Amino acid sequence: FREARRSCWVRRSETTSYLRDPRRDRELYLIGTAHVSQRSAEEVRELIHLVRPDHVAVELCPARAARLRQGDREADFLRSLTAAAGGHGGIGAFFAALNGLWKALGLVPGVDFKAALDAADAVQAPAHCIDRDVNETLRLLRGALGEVSLPRLMTTTPPPELVGSTLGAGGPAEAV
């Protein structure tokens, strides 16, 4: 408990927290992002350029990070996910519908990840991929959704509070 008292945690904004361990002279900035948000991408880019960290951790598996670094768009990744999951029940159809919805709403999946990778490169900080492999995620998702009816899932009306907050004045792109 003594060490915990010496540490510091400060919520800097709605999406960013700052943690400090003075005993080890370590700092950590943690940003919660919406993976389809230009605003999140700008916040990530700005913080990395401002702080110039020694390391950047990104919630991606190495394969997805490599695709983003090579210039593949996240929409291309979603298409490949759809193809990969297509033989596994309705998961492929779900990803296809999700990709179409994001496009229709003007959202760019993965824009925050790409901003973090680019900003890490710009400040010469190594980017560390801290997520499991996407194929493992799909395997777990298939298991979790095994009993879920995809047609029912796709036709269920979202709760009013979710619709109201998402489709406010500026639409979904402004909400995130």
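Heads up: these notes are all about the structure in this document. Everything numeric in this text was worked out from a predicted model, so none of it was measured.

1. Considerations on the overall build of the protein chain
Moving on, step 1. Tallying secondary structure elements over the protein chain gives 10 helices and five strands in all.
Moving on, step 2. In the protein chain, buried positions account for 27% of the 176 residues.
Moving on, step 3. For the protein chain, the exposed surface amounts to about 11400 Å²; the carbon and sulfur share of it is 54%.

2. Some words on the pairing of strand β2 (residues 16-21)
Moving on, step 1. Two strands pair when backbone bridges link them, and β2 and strand β3 (residues 26-31) are joined in this way by six bridges, in the antiparallel orientation. Across the sheet, the residue bridging to Asp21 is Arg26, located in β3.

3. Describing unusual backbone geometry
Moving on, step 1. The residue Asp25 is not glycine, and still its phi comes out positive at about 55 degrees.
Moving on, step 2. Along the chain, the position of Asp25 falls in the loop between β2 and β3.
Moving on, step 3. Since its relative accessible area comes to 58%, Asp25 is described here as exposed.
Moving on, step 4. For Arg52, which is not a glycine, the phi torsion comes out positive at approximately 55 degrees.
Moving on, step 5. Among the secondary structure elements, Arg52 is positioned in the loop between α2 (38-51) and β4 (56-58).

4. With respect to the packing of helix α3 (residues 62-69) against helix α6 (residues 111-122)
Moving on, step 1. The contact between α3 and α6 brings their axes to 10 Å, and the two run at 75 degrees. Between α3 and α6, the angle is such that the two are roughly perpendicular. Residue-level inspection shows Arg64, Ala65, Leu68 and Arg69 of α3 in contact with α6, the latter providing Phe113, Lys114, Leu117 and Asp121.
Moving on, step 2. Among the residues making up the contact of α3 with α6, the classes are represented as four nonpolar, no polar and four charged.

5. Observations regarding the packing of aromatic side chains
Moving on, step 1. A full pass over the atoms with the stated rule returns one aromatic pair.
Moving on, step 2. Ring centres 4.9 Å apart and planes at 55 degrees place the aromatic pair Tyr18 and Tyr29 in the tilted group. Placement of Tyr18 in strand β2 and of Tyr29 in strand β3 is noted, with a sequence separation of 11 residues between them.
Moving on, step 3. Given the relative accessible area of 12%, Tyr18 is considered buried.
Moving on, step 4. Assessed through its relative accessible area of 26%, Tyr29 is described here as partly exposed.

Calculation rules
Residues numbered from 1 in each chain as written. Predicted model: local features only at pLDDT ≥ 70, side-chain atom pairs only at ≥ 80, totals over all residues. Heavy atoms only, no water. Helix = DSSP H or I, 4+ residues; strand = E, 2+ residues; numbered from the N terminus. Buried < 20%, exposed > 50% of the residue type's maximum accessible area, 1.4 Å probe, protein only. Areas by Shrake-Rupley, 256 points an atom, 1.4 Å probe, with all protein chains shown as cover. Pairing = 2+ DSSP bridges. Axes fitted to C-alpha atoms, helices over the stretch in contact; angles between N-to-C directions. Parallel < 35°, antiparallel > 145°, perpendicular 65-115°, else oblique. Contact = heavy atoms within 4.5 Å. Nonpolar A, V, L, I, M, F, W, Y, C, P; charged D, E, K, R; others polar. Phe/Tyr/Trp six-rings, centres within 6.5 Å; stacked < 30°, edge-to-face > 60°.

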